[in-house]
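# Structure assessment
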Amino acid sequence: MILRPLTLLVGAIPLASAFYLPGAAPKDYLPGDAVPLLVNRLSPQSFGGRSEMKGLLSYDYYDEGFGFCKPKPEPKQQSESLGSALFGDRLWDSPFQINMLQNVSCRHLCTSYLDKTSSEFLAERIAESYSQNWLVDGLPAAEMKQDEVTKELFYSAGFALGSQASPGEDGKERVQINNHFDIFLEYHSPDGMRNRVVGAVVWPRSLNSLGAGRTPSCSGEQPFVVRGEATNEIAYTYSVVWRESATTFGTRFDHYLRVFDPRIHVLSLINSIVIAAFLCLMVAMILLRTINRDISRYNSVDLDEDIQEDFGWKLVHGEVFRPPKKRMWLSVAVGSGAQLLAMSAVTLVFALLGFLSPSNRGALSTLMLVAYTLFGCISGYVSSRVFASLKGEEWRKNIGLTAVLFPGFLFLFLHLLNFFLIGSGSSGAVPFGTFLAILALWFFLNMPLTVVGAWLGVKKGAISHPVRVNQIPRQIPPTEWWLKPWPSALIAGILPFGAGFIELSYLLQSLFGAKIYFAFGFLALTSVIVALTTATTTILMCYFHLCAEDYRWHWRAFLAGGGSAFWLLAYGLFYWATKLELPGIANKVLFLGYLLLISLLDFFITGAIGFVSCYLFLRVIYSRIRVD
Ligand SMILES: *[C@@H]1O[C@H](CO)[C@@H](O)[C@H](O)[C@H]1NC(C)=O
């Protein structure tokens, strides 16, 4: 209980109680006013405390296969923000009639006839634990669940489409559909006149309600078992109960925000952060002492005019700032990474300030999209300055590539995934209009901003280096196997990955378990630690490379920084193998696609961090030795 305020504090400062963000203002209803019930896509969800998931595809509510009742004459699609459309929300109106303060005991919605194909489709989705997602006055209709550890009751957004039925006589697995909904709504009345919806819980039931009289009743006991290889006639019914509640409008989302196993989350997080911070500090201190010793030795050797030769990293002082191969690509990569980094940072800050409350549907993804678009100027600036510092000449080409390469890749990649979604009939497919909007954002906002940023970078010019570059490159002696680019990247990636691992597993659970993630405080803390460990380990690796007289650090720093991405990828595959059951090719492609995308973004972000921190480190140490 003590942990709850703590987690809320770390999670998000509840600004929402002070003022309402657009779209989150309370709506007042007089008794009898119609309260809208919107239906969203159906998504797979883990039930019964298990964290396994069986699919990733989501389906439109009015997909023919479900045969849900439709409003007359036609269902109307509801408007959504760009971000929420991009990430799969599909809101429609529904035929449920709900009026403020009016209880409904048993209302027949419609009777739906499913042919053989639809019945099979429905049975499959039930077997895959799909859940319905409704919004009552913007509030997700929830199922009541009990935490296994703390025994606390909490709301879990969405409720089951159906459940496993007892096997038939032939021993075959069967499923039953939830065709009756007991809707419990809570209202709060600040002044006795106006009423606000502050709670929405649905108890779904399966009911074989079509008796001989053909008018369904809601009082039966028999479940409706879906006959898999035949037609089905399903009667949908619902009842509504309104109850007064002390919950105020500003806190109506609090029931949903529950850290899973709060004790474990906090403790494991503190544990991992302390360890990571400790390691980070140790590495930094050892490095600092060693380098200080090196520097004083180098400088004293020079003073004594000793015949002793140079050794260690001083040997390569004439080489470290020699431009690497493929500097064009490197600078574009660093620029793109910096852009992503800025986007993530801004999103996290906004989330921390409580601007991304769950009542603002799609706020997070919209914000990310906008931030990414605007930060084109950062990618342009960083890319062109890095390129100039690496003695690159073709700055026009650099600007062009920065503006086109990474955003274009992202666009194409998402487009390809979208093809798969369309092909599999999932509602996750991004509508054409949304795609046009994104294309417009890219061409008319992101590209010009990138060019402006890059132009500023070109004006500012190259960063000067503390030591000169020799005319003739040195020979590089053969190095140990673990100092080769790939092994060293993998080694360097362990620590940052380990630091972020715990939070990552919670994030994945929320992402693929359709739970609301809100522990942004933890996430911000973890991100800072990951960034710090990335910088430290990259610098350490860089130091080892230079001591081995291998001065080709540019690409290696980027690789070593991004090393955690390989572990992330491996962990994602492991998660798939142990926790996910993904039927069908489309699910697999989708999961792999998202995993690759996330790993790639991580690679660019941490790679840019690695490169920049390594460069700063080299500047510092080489400006402190005396070179003649
Ligand atoms: C609706 O039903 C509930 C439970 O039976 C009852 O407590 C409540 O007073 C009813 N509300 C109205 C407006 O009739």
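Residues numbered from 1 in each chain as written. Predicted model: local features only at pLDDT ≥ 70, side-chain atom pairs only at ≥ 80, totals over all residues. Heavy atoms only, no water.

## Regarding the site of the ligand
Put simply, the rule is: Here a residue is near a molecule or strand as soon as one of its heavy atoms is found within 4 Å of it. Any pair of N or O atoms that falls within 3.5 Å is considered a polar contact. Within protein, one atom must be able to donate a hydrogen and the other to accept it, and sequence-neighbouring residues count only if both atoms are side-chain atoms. Computed with a 1.4 Å probe, the accessible areas rest on the Shrake-Rupley method; for each residue, only the protein chains presented here act as cover. By the convention adopted, Pro, Cys, Tyr, Trp, Phe, Met, Ile, Leu, Val and Ala count as nonpolar, Lys, Arg, Asp and Glu as charged, and the other residues, Gly among them, as polar.
Neighbouring residues of the ligand: Leu101, Asn103, Val241 and Trp242. In the environment of the ligand, an oxygen atom lies 2.2 Å from a nitrogen or oxygen atom belonging to the side chain of Asn103. In isolation the ligand exposes 360 Å². Once the protein is present, 38% of that is buried. A breakdown of the residues in the shell around the ligand according to their chemical character gives three nonpolar, one polar and no charged.

## Considerations on unusual backbone geometry
Test applied: In this description a helix means any DSSP run of H or I spanning at least four residues, a strand means any run of E spanning at least two, and both kinds are numbered starting from the N terminus.
Residue Pro73 is reached from Lys72 by a cis peptide bond, and omega for that bond is -5°. If you trace the backbone, Pro73 turns up in the loop between β2 (43–44) and α2 (82–86).

## Quick look at the packing of helix α12 (residues 553–561) against helix α13 (residues 563–579)
To keep it simple, the criterion reads: All axes here are fitted lines through C-alpha atoms, helices being fitted over the stretch that makes contact, and every angle between N-to-C directions spans 0 to 180 degrees. We call two residues contacting when some pair of their heavy atoms lies within 4.5 Å.
Taken N-terminus to C-terminus, the directions of α12 and α13 make an angle of 35°; their axes are 4 Å apart at the nearest point. Side by side, α12 and α13 meet where Leu559, Ala560 and Gly561 of the first sit next to Gly563, Ser564 and Phe566 of the second.

## Focus: the side chain of Ser599
Definition in use: Using a 1.4 Å probe on the protein chains alone, a residue whose accessible area is under 20% of its type maximum counts as buried, one over 50% counts as exposed, and one in between counts as partly exposed.
Along the chain, Ser599 turns up in helix α14 (residues 584–624). With a relative accessible area of 6%, Ser599 lands in the buried category.

## Focus on the state of the cysteines
Here is the rule we go by: By convention in this document, the label disulfide applies to cysteine sulfur atom pairs within 2.5 Å.
All chains considered together, the criterion is met by two disulfides. Note that Cys69 is cross-linked by a disulfide to Cys110, the S-S spacing being 2.0 Å. Taking the sign of the torsion about the S-S bond as the criterion, the disulfide between Cys69 and Cys110, at about -85°, is left-handed. Separated by 41 residues along the polypeptide, Cys69 in the loop between β2 and α2 and Cys110 in strand β4 (residues 104–114) bring together distant segments of the chain. With relative accessibility at 6%, the residue Cys69 sits in the buried group. Across the disulfide from Cys106 sits Cys218; the S-S distance is 1.8 Å. Disulfide Cys106-Cys218: the torsion about the S-S bond is 70°, which places it as right-handed. Highlighted residues: Cys106 in strand β4 and Cys218 in the loop between β14 (196–205) and β15 (225–226), separated in sequence by 112 residues.

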